[in-house]
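# Secondary and tertiary structure notes
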Amino acid sequence: MCTRYYLSPSTPKLKQIIEDVKISPLAKRFALNLSSPVKTEGEIRPTDVVPVLAPNPRGEQTVFPMK
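Residues numbered from 1 in each chain as written. Predicted model: local features only at pLDDT ≥ 70, side-chain atom pairs only at ≥ 80, totals over all residues. Heavy atoms only, no water.

### Focus on helix α2 (residues 25–33)
The N-terminus of α2 is capped by S24, whose side-chain oxygen sits 3.2 Å from the backbone nitrogen of L26. Trailing α2 by a residue or two, S35 shows a phi angle of about 55°, which is positive. (Polar contact = N/O pair within 3.5 Å; in protein donor to acceptor, adjacent residues only side chain to side chain. Helix = DSSP H or I, 4+ residues; strand = E, 2+ residues; numbered from the N terminus.)

### Overview of unusual backbone geometry
The phi angle at S35 is positive, at roughly 55°, despite the residue not being glycine. Here S35 lies in the loop between α2 and β2 (42–44).

### Describing the pairing of strand β3 (residues 50–55)
Pairing of β3 with strand β4 (residues 61–66), which is carried by 6 bridges, proceeds in the antiparallel orientation. Considered in β4, the bridge of A54 is made with T62. Between β3 and β4, which pair antiparallel one after the other, the connecting turn spans 5 residues, and G59 there sits at a positive phi close to 90°. (Pairing = 2+ DSSP bridges.)

### Some remarks on the environment of Y6
Here Y6 is to be found in strand β1 (residues 5–7). Relative accessible area serves as the criterion here: at 62%, Y6 is assigned to the exposed category. Along the sequence, Y6 and R45 sit 39 residues apart, while their C-alpha atoms lie 8.9 Å from each other. Excluding residues that lie within four positions of it along the chain, Y6 makes contacts with G42 and E43. (Buried < 20%, exposed > 50% of the residue type's maximum accessible area, 1.4 Å probe, protein only. Contact = heavy atoms within 4.5 Å.)

Structure representation (structure tokens):
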């Protein structure tokens, strides 16, 4: 990602995605090891940790925090 964008939890689906990423063990590791909490609203920059939809090892769509 090489641009900024604005994230607003305005829909029920987006709110659920944000809640799922907040309880993710990986999100806790980002916060503890890199001092980078998951940013879930406001202006998002390329260096922020944000919720991303990606396939898990079983091929199912899952929410992951990514930088």
